Amino acid sequence: MQNAYHLYEINMLTPGGRLLTDGVTLAQEEYYRTRVIARTSNFLGKSNWSTDALLKGDIAEVLIFNAGLSDADRFQVESYLMSKYALLAPPAAPSGLTASVGLNGQVHLTWNNPAYDPRNQVMVERRTGNGSWEQIAVLLLGESEFYDTTAQSGVAYSYRVRNANQAGYSDYTSEVQVAAPTLSILGGDDQASAPGGFAPAPLQAAVKDSVSGVPVAGFPVTFTVTQGDGLLSAGLNGTGPFVKSLTVVSNSSQGAATVYFQQPLASGATSTVTATAGVAGSVQFTLWTHQVVGFWRFNEEGGDAITDASENGNTGALVGGAVRVASFGPADQQADWQVPGGTALQLNGVDAAANVPDSSTLNFGDAAFSVSAWIKLDPSLSLADDSNIYPIVSKSGSTGTGFAFSLKGSAGNGVVFDILTGGVVVHEIAPLQSDASLLLDGRPHLLAFTRDAAGKGTLYIDGADVSTPAGGVGPDMSGTLNTPGDLWIGCDESGHFYKGILEDVKLVASAFMPAEIQAMFDRDNNGLPDWWEVRYLGVIGQDPNGDPDGDGATNAVELAQGSDPSDPTSVGAPLVRKTAGDGQTGPAGAFLAQPLEVTVTNSYGTPLPNAEVIFSVVSGGGQLAITSGATNLNTVLTVATDANGKAQIFYQQAVNGSVTSSISARTGLTPAVTFTVFTDSLVAYLKLNENTGWDAQDSSGAQNPGTIGSDGSIAWGIGFDGLAGLNVNGSAYSDQVGLEIDHTTNRVIPDTGGAFSISLWFKATALDTDKAYTLVTNVTPEPPGSNVVPESGFRVVLDGGLLGAGAPQLVFSSTEYGGTLHVPATTVLVTGHWYHLAVTYDGTTAQIYLDGVSAGSGTGTINGSPAPLRFASGIPDLQMLDGSLDEIKVFSKVLDPGEVTTLANTYGNMADLDGNGIPDGWEYRYFGMNGVNPLGDPSGTGLTNYNAWKLGLNPFRGGTTDTGGVLQLNVFTHLE
């Protein structure tokens with residue numbers, strides 16, 4: 001230490017003291033206190049003890065203070081002296097500065113420092129954007145990391161550091177930039193659910209880099225219930241623990257921290273959950289419970305009273321044969337209002353129901369409204385037609401506006417919600433397509449209806465919207481739901497009763513949200529209903545592909561086959577598959593050619609004999625029989641499988657049924673399979689090619705043959721295609737039969753409002769201006785001279801001028817006192833030529849087509865008649881047709897214009913007996929004979945007969961189709 005200046009310090013504090021050389025502590029005593037001795041003389045370079053040596057060297061400067069110095073004061077004095085006498089060099093600069101956001105939300109700085117020197121200090125500086133630098137920390141003893149706890153969420157900062165000692169400062173490190181992450185709501189805000197239930201969706205807060213937006217993983221987020229009495233859980237299965245405050249870390253995929261919220265038990269309660277993440281900030285979630293006005297779980301231990309779990313006091317009572325049975329869900333009632341359990345209500349479909357007296361809380365006005373219920377419909381029931389009505393909840397009266405939530409067949413598509421005024425339906429909502437087979441599968445189903453604040457309605461089955469068209473909105477279901485009538489569960493005021501099991505019937509004075517209804521059925525969205533998971537496996541959140549009992553069947557398979565997933569010895573419910581008869585087409589009113597057959601096996605494919613299979617007509621209006629042709633018909637039949645596990649039934653199409661019919665088959669709890677069959681709309685086809693006898697065969701397969709009158713007014717002749725047809729002599733009316741199709745049993749022509757079409761070929765031999773001739777009618781002829789006027793039926797008449805038009809016309813009309821239809825089509829008729837006639841009627845609008853072109857249309861009503869369908873028969877005041885008739889077809893639908901054109905351009909007989917290269921059918925159609933000269937030109941336009949046939953043209957119109965000739969006349973129809 002020779003030949004250089006050094007700084008020596010004694011710093012006395014209370015208590016203790018410190019001895020330092022060049023700013024470095026050499027000795028320190030925590031509790032040593034120096035003795036105070038009074039001296040009359042003080043020296044520099046020597047002491048008061050004579051034995052001490054004298055200083056040999058220079059003393060540059062001595063500073064004496066009358067108090068001990070703090071570290072900061074001492075550092076300033078040291079800096080002054082060391083700089084003045086060059087006792088110390090400035091420190092080396094730190095390097096490798098990095099900045100990151102730590103798990104505690106603080107900005108973490110690290111750097112590399114030179115060799116340790118206790119005199120060094122580290123200066124940490126920060127700025128925002130391009131602002132001024134500010135020193136935020138001074139670190140002693142050469143430290144190499146720092147946590148900035150004052151950084152704000154979403155703000156980008158720059159940092160730099162440098163070293164300092166008593167001699168000066170080092171250079172700065174390079175700047176580094178970092179931004180504190182942001183916390184935002186990813187999902188779960190503004191949710192509603194039932195009191196005590198879980199919010200439909202989890203509460204999720206996302207932690208992301210505020211600059212890049214990249215998710216930040218592993219960041220702790222604390223969720224706290226800051227308002228209300230709800231609880232939080234980190235587990236999807238809802239098993240808890242349930243706490244008021246919970247910390248979870250963000251995941252790597254979305255930076256999401258996730259918790260689940262269980263609502264308080266109070267109705268109409270609002271809760272707030274605050275999520276905080278250090279410097280990332282905080283967000284708030286708002287949740288609320290529905291205003292439940294009635295909730296009947298049917299879990300009472302006995303008696304007829306049913307308790308309202310909503311605490312609104314809407315207590316009711318069981319009536320008739322209503323009884324409590326074990327729930328299909330867990331054995332114990334669930335605190336979670338979304339999962340049914342305990343006991344349920346079983347109703348017999350005859351007199352069993354539950355009654356809840358009217359109260360102010362059960363009148364909903366025109367506000368938002370929801371109803372839900374778990375059902376398990378008795379699978380022996382039918383949902384085939386509109387008369388199949390099974391009420392779930394109803395409230396209506398003689399005054400005011402009520403409602404009914406029911407299962408309904410046919411147009412109801414399985415389930416409907418009706419708004420009624422005075423018992424009359426004013427608004428109804430139904431699924432877009434039939435869900436009847438689903439609801440009849442013997443399994444529990446969740447049904448719900450909601451009406452939002454705008455009055456739009458939505459129906460749900462098992463959590464899925466079944467009533468809203470893609471891209472559309474629900475139908476208008478507005479109306480004031482106020483009526484003094486009592487609330488009924490399981491019946492309605494019209495005497496309909498529900499048959500099956502009901503559970504957890506709920507009425508809410510607000511609109512369920514779609515996610516909430518999905519969560520009522522399958523909150524974890526794994527395809528396994530929550531009630532099934534809780535009943536068999538204790539909690540939700542199960543893997544559908546898991547196999548907890550190790551029997552080789554997954555949870556999804558065990559659900560489908562009705563077995564217990566926790567019991568390897570549990571035998572699955574039988575499996576049903578279609579093996580024959582699906583997709584058939586057959587005539588209306590007739591049995592399908594093949595039976596509908598299913599095969600029943602166990603879950604391993606072994607056929608099961610003597611298994612009861614329930615066949616049900618879901619839609620279409622037909623009936624079932626054990627054998628083809630049987631007269632004992634039903635819409636629901638139970639058939640036992642044979643030794644090979646097969647069961648079959650025969651299906652008779654409805655006479656006037658829909659084009660498509662659905663028939664379901666199921667056994668036990670297995671999902672139903674559905675057969676789809678089709679009605680051939682051709683219900684009668686009389687070719688009239690017999691050429692002998694009094695019977696006209698029906699070639700449609702619908703078994704509707706015709707009978708030819710034997711009174712001499714009708715006889716066999718040549719038809720429009722050169723084959724056989726009928727000649728009619730035009731007799732005046734005297735109760736002639738003409739050609740008749742009886743439809744007393746098979747209604748060839750539908751009842752009032754039904755659709756039909758008739759196609760035929762006719763030729764007029766005579767057409768007098770003072771006569772009108774019958775072509776088609778189903779009006780029962782009265783005896784000549786009778787004053788009785790028919791009040792039902794219709795007729796198609798070829799009028800020569802009798803009916804007042806002054807020119808030939810075709811008239812399609814109802815009877816004078818049996819409807820309002822009257823459609824004329826004025827014509828110019830040339831006798832001796834064949835024409836194709838078609839009439840169609842859709843229940844309101846009628847069309848007349850001649851040679852494939854519309855000749856007239858109009859609207860009106862026809863009262864359905866059971867009278868036979870007759871062709872060219874006598875009718876009061878009208879003649880029989882004076883001419884010929886051929887190729888009659890009757891359809892149970894409205895033919896479209898293209899179908900009519902096809903019929904008009906078909907001439908059937910392709911034989912060429914005269915060898916002239918032109919089919920005989922074409923020759924007879926236009927010339928009434930064969931042997932026509934193929935090079936002839938009857939139109940005089942250069943178009944030969946042969947070319948007219950090849951080109952599909954009318955040989956008398958010279959290059960013009962029949963269609964073109966008619967269209968030129970617009971209103972009038974030109975008959976060659």
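Residues numbered from 1 in each chain as written. Predicted model: local features only at pLDDT ≥ 70, side-chain atom pairs only at ≥ 80, totals over all residues. Heavy atoms only, no water.

Caption draft 1: Broad picture of the overall build of the protein. Counting secondary structure elements, the protein contains nine helices and 63 strands. Computed over C-alpha atoms, the radius of gyration of the protein comes to 48 Å, more than 25% over the 30 Å expected from 2.2 N^0.38 for 976 residues, which places it beyond the range of a compact globule. Judged by the C-alpha coordinates and their principal axes, the protein covers about 175 × 85 × 60 Å. Looking at the protein as a whole, 51% of its 976 residues qualify as buried. For the protein, the exposed surface amounts to about 41300 Å²; the carbon and sulfur share of it is 51%. If you average the places of the 42 positive and of the 95 negative side-chain charges in the protein, the two averages end up 14 Å apart. (Helix = DSSP H or I, 4+ residues; strand = E, 2+ residues; numbered from the N terminus. Rg over C-alpha atoms; globule rule 2.2 N^0.38 Å. Buried < 20%, exposed > 50% of the residue type's maximum accessible area, 1.4 Å probe, protein only. Areas by Shrake-Rupley, 256 points an atom, 1.4 Å probe, with all protein chains shown as cover. Lys, Arg positive; Asp, Glu negative; His and termini not counted. Charge placed at Lys NZ, Arg CZ, Asp CG, Glu CD.)

Caption draft 2: Quick peek at the pairing of strand β53 (residues 772–777). β53 sits mainly inside the fold: six of its six residues count as buried. Where β53 meets strand β54 (residues 794–799), five bridges bridge the pair, whose relative direction is antiparallel. Bridge assignment links V776 to a residue of β54, and that residue is V796. Bridging between β53 and strand β61 (residues 879–880) involves two bridges; their strand directions are parallel. By the bridge assignment for β61, T774 is matched with M880. Relative to strand β60 (residues 869–871), β53 runs antiparallel, the two being bridged by two bridges. From the neighbouring strand, V776 faces β60, where its bridge partner is F871. (Pairing = 2+ DSSP bridges.)

Caption draft 3: Just the sheet that holds strand β4 (residues 95–101), in detail. Spatially, three strands are ordered β4-β5-β8 in an open sheet, and the strand pairing comes out antiparallel. Since the sheet does not close on itself, it has two edges, and those belong to β4 and β8 (145–148), each with one partner. Between one strand axis and the next, the sheet turns through 15° on average, direction left out of account. In this sheet, strand β5 (residues 107–112) lies alongside β4 in antiparallel orientation, the contact comprising five bridges. Its bridge partner being in β5, V101 is matched across the sheet by V107. (Axes fitted to C-alpha atoms, helices over the stretch in contact; angles between N-to-C directions.)

Caption draft 4: The domain arrangement of the protein, seen in detail. When cut into domains, the protein gives domain 1 (8–85), domain 2 (95–174), domain 3 (180–289), domain 4 (292–521), domain 5 (575–679) and domain 6 (691–905). On a C-alpha basis, the centroid separation for the pair domain 2 and domain 5 is 82 Å. (Domains from an automatic or database assignment.)

Caption draft 5: Molecular detail of the sheet that holds strand β31 (residues 424–429). Ordered by their spatial adjacency, eight strands build an open sheet running β22-β23-β26-β35-β28-β29-β30-β31, and the pairing between neighbours is antiparallel. Only two strands of the sheet have a single neighbouring strand rather than two, namely β22 (305–306) and β31. Strand direction decides the pairing type here: strand β23 (residues 316–319) and strand β26 (residues 353–356), joined by three bridges, are antiparallel. Across the sheet, A317 pairs through a bridge with N355, a residue of β26.

Caption draft 6: Molecular detail of the nonpolar core. Counting 51 residues, the largest nonpolar core has I758, F794, L798, F812, L837, L869 and F871 as its most contacted members. Those residues in contact with F871 that lie beyond four places of it in its chain are G738, L739, I741, I758, L760, L775, V776, L885, I888 and V890. Ranked by size, the runner-up nonpolar core spans 47 residues in total, among them I306, F364, L377 and V415. (Core = buried A, V, L, I, M, F, W, Y, C linked by side-chain atoms within 4.5 Å. Contact = heavy atoms within 4.5 Å.)

Caption draft 7: Local environment of the packing of aromatic side chains. If you walk through the whole model with that rule in mind, you get 24 aromatic pairs. Seen in terms of ring centroids, W922 and F927 are 6.2 Å apart; in terms of plane orientation they differ by 55°. Their pairing is tilted. By relative accessible area, W922 is classed as buried at 2%. One aromatic cluster is present, built from ring pairs that chain together F364, F369, F403, F405, F417 and F449. (Phe/Tyr/Trp six-rings, centres within 6.5 Å; stacked < 30°, edge-to-face > 60°.)

Caption draft 8: View of the environment of T638. The residue T638 is located in strand β42 (residues 636–640) in this model. Between the C-alpha atom of T638 and that of R666, which follows or precedes it by 28 residues, the distance is 9.6 Å.

Caption draft 9: Up close: unusual backbone geometry. We note that S410 has phi near 55°; this positive angle belongs to a residue other than glycine. Tracing the sequence through the fold places S410 in the loop between β29 (401–408) and β30 (414–421). Although it is not a glycine, N610 sits at a positive phi angle of roughly 60°. Mapped onto the fold, N610 is located in the loop between β39 (596–601) and β40 (612–619).

Caption draft 10: Geometry of the pairing of strand β1 (residues 8–12). Here β1 shows one buried face, formed by E9 and N11, and one open face, formed by Y8, I10 and M12. Note that β1 and strand β2 (residues 17–21) share five bridges and pair antiparallel. Within β2, the residue paired with I10 across the bridge is L19.

Caption draft 11: Main features of the environment of R957. With respect to the element layout, R957 can be found in the loop between α8 (945–951) and α9 (962–967). Since its relative accessible area comes to 13%, R957 is described here as buried. When the C-alpha atoms of R957 and I614 are compared, they prove to be 62 Å apart, with 343 residues separating the residues in sequence.

Caption draft 12: Molecular detail of helix α4 (residues 530–537). Among the eight residues of α4, seven are classified as buried, and the element is accordingly described as predominantly covered. Every buried residue of α4 is accounted for by D530, W531, W532, E533, V534, Y536 and L537. G538, located one to two residues past α4, shows a positive phi value of around 90°.

Caption draft 13: Inspection of a nonpolar patch on the surface at higher detail. A cluster of nonpolar side chains, L44, L55, I59, V62 and I64, forms an exposed patch at the surface whose accessible area comes to about 540 Å². Residue placement: I64 occurs in the loop between β3 (24–29) and α1 (71–84). For I64, a relative accessible area of 76% translates into the label exposed. (Patch = residues over 30% accessible without salt bridge, like charges linked within 9 Å, V, L, I, M, F, W, Y side chains within 5 Å. Salt bridge = Lys/Arg side-chain N within 4 Å of Asp/Glu carboxyl O.)

Caption draft 14: Quick peek at helix α7 (residues 920–927). Of all eight residues in α7, seven are buried, a share of seventy percent or more. Taken together, the buried positions of α7 are D920, G921, W922, E923, Y924, R925 and Y926. One or two steps after α7, the chain reaches G928, where phi turns positive at roughly 75°.

Caption draft 15: View of the environment of P484. Position of P484 among the secondary structure elements: in the loop between β34 (464–465) and β35 (487–489). With 159 residues separating them along the chain, P484 and V325 place their C-alpha atoms 31 Å apart. Once residues within four sequence positions are removed from consideration, P484 is found in contact with D358 and T399.

Caption draft 16: Examining the pattern of salt bridges more closely. As enumerated under the stated definition, the model contains 16 salt bridges in all. With a closest N to O distance of 2.9 Å, D358 and K395 form a salt bridge. Here K395 lies in strand β28 (residues 389–395) and D358 lies in the loop between β26 and β27 (369–377), a separation of 37 residues in the sequence. On the basis of relative accessible area, D358 is assigned to the partly exposed category, the value being 31%. Close ionic contact of E899 with K893 constitutes a salt bridge, the shortest N to O distance being 2.8 Å. Relative accessible area serves as the criterion here: at 28%, E899 is assigned to the partly exposed category.

Caption draft 17: Structural detail: the confidence of the model for the protein. Of all residues in the protein, 92% have pLDDT values of 70 or greater, and the mean over the chain is 85. Looking over the protein, one finds the lowest element-wise mean pLDDT in strand β63 (residues 973–974), namely 28, and the highest in strand β33 (residues 457–461), namely 97. Scored below 50 in pLDDT, residues 962–976 makes 37 contacts in the model with residues more than four places away or belonging to other chains. (pLDDT = per-residue confidence, 0-100.)

Caption draft 18: Fine view of the side chain of E125. Structurally, E125 is set in strand β6 (residues 121–128). Here Y172 takes part through its side chain, which lies 2.7 Å from a polar atom of the side chain of E125. For E125, the contacting residues outside a window of four places in its chain are W133, E134, Q135, I136, S158, Y159, R160, R162 and Y172. (Polar contact = N/O pair within 3.5 Å; in protein donor to acceptor, adjacent residues only side chain to side chain.)

Caption draft 19: Geometry of the side chain of S759. Structurally, S759 is set in strand β52 (residues 756–764). The class of S759 is buried, set by a relative accessible area of 3%. At a separation of 2.8 Å, a polar atom in the side chain of S759 contacts the side chain of H836. In contact with S759, other than residues within four places in its own chain, are H836, L837, A838, E887, I888, K889, F891 and L903.

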